[in-house]
Amino acid sequence: MSHIHIGYWDDETPAVDVKRAQENYLREVFKHLPPEKDQHLLDVGAGTGAAAMTVSDRFGCKVTAVEIVEHHVEAMHRVVEARGLQESVTPVCADITELDYPEAGFDHIYTIECLHHIANRKAAFDRFGKWIKPGGRLVLAEHTLTARSTWLDGFAPRLLTGSEVMTSIEDYVQLITDAGFEIIHRREVIQNTVLKSKEWEKADPDAQLRNYAKSVYGPWLSWLKPIVFWFAERAIRRGDWEIHFITALKK
């Protein structure tokens, strides 16, 4: 897998074409933010850097890629050096809530499936509001649970995402607003992402998702994955688990 995000399957993308689905995902995330050449972006929760390198290649901009997991950052360094991208992609191993960049130091900030792992999200959003230039954009792709969700409703989504601190879309809207942003686009996409990944798993001839699940969750939990996913699908059908693509403008 080229990066850890699920993928976005539109009507024209075959279930087995995960590479295209992941490209679609980034396209949809950035649909309302086409970065311009030589702009400086901050990637929060960059993982192994696939998204940061794709953004830099595609748009010709610079990306500071912050990731808290050390071995992910080590892998990112290796790929950045191998591809000769040291001038355009800067890996940083840190907790975003403990960093302090200059005010208005970034043209835009994006974060993909990261903030639902952060307990102190207010600290993160306060920094985003400070770090983005006026007129810049904040782009989020986030897992959320509805406020009405019970512990059982949220069990499978939390297990599959590895998050114990998932919250509601209403909480995100409040945090975005309080940090000085105006939401200009919001879309819920779990039908085209998590549910479609189930079709990929059924059709996947190379067992990519099954092997990935074993490496992430371990053999026992990956064996229980169909049961967990049944509860996850139940949460989706009930509207308890959602994924939102959000673009907000810094006032």
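Reading guide: rules and limits
- Residues numbered from 1 in each chain as written.
- Predicted model: local features only at pLDDT ≥ 70, side-chain atom pairs only at ≥ 80, totals over all residues.
- Heavy atoms only, no water.
- Pairing = 2+ DSSP bridges.
- Helix = DSSP H or I, 4+ residues; strand = E, 2+ residues; numbered from the N terminus.
- Right-handed = clockwise from strand over helix to strand, strands pointing away.
- Buried < 20%, exposed > 50% of the residue type's maximum accessible area, 1.4 Å probe, protein only.
- Polar contact = N/O pair within 3.5 Å; in protein donor to acceptor, adjacent residues only side chain to side chain.
- Contact = heavy atoms within 4.5 Å.
- Core = buried A, V, L, I, M, F, W, Y, C linked by side-chain atoms within 4.5 Å.
- Axes fitted to C-alpha atoms, helices over the stretch in contact; angles between N-to-C directions.
- Left-handed = near helix turned anticlockwise from the far one by under 90°.
- Nonpolar A, V, L, I, M, F, W, Y, C, P; charged D, E, K, R; others polar.

A. Quick peek at the pairing of strand β3 (residues 89-93). Note: strand β2 (residues 62-67) against β3, 5 bridges, orientation parallel. Bridging across to β3, E67 finds its partner in C93. Between the parallel pair β2 and β3, the chain is carried across by helix α3 (residues 70-82), and the sense of this crossover is right-handed.

B. Main features of the side chain of H143. Topologically, H143 is positioned in strand β5 (residues 132-145). Under the relative-accessibility criterion, H143 is labelled buried at 3%. Side-chain polar atoms of H143 contact the side chain of W241, separated by 3.1 Å. When sequence neighbours within four positions are dropped, the list of residues in contact with H143 reads E113, H116, T161, M166, T167, Y172, W241, E242 and I243.

C. Molecular detail of the nonpolar core. In terms of nonpolar packing, the biggest core is built from 44 residues, with V29, Y110, I112, V194, W241 and F245 touching the most fellow members. Sequence-distant contacts of W241, defined by excluding residues within four places in its chain, comprise H143, T144, L145, P157, L160, T161, M166, I190, V194, A232, A235 and I236. I96, F106, F128 and I176 belong to the second largest nonpolar core, which has 28 residues in total.

D. Structural detail: the packing of helix α4 (residues 121-131) against helix α6 (residues 169-178). Where α4 meets α6, the closest approach of the two axes is 9 Å, and the angle between their N-to-C directions is 35°. When the axes of α4 and α6 are compared, the crossing they make is right-handed. Mapping the contact onto sequence places R121, K122 and F125 in α4 and Y172, L175 and I176 in α6. Looking at the contact of α4 with α6 residue by residue, the class counts come to 4 nonpolar, no polar and 2 charged.

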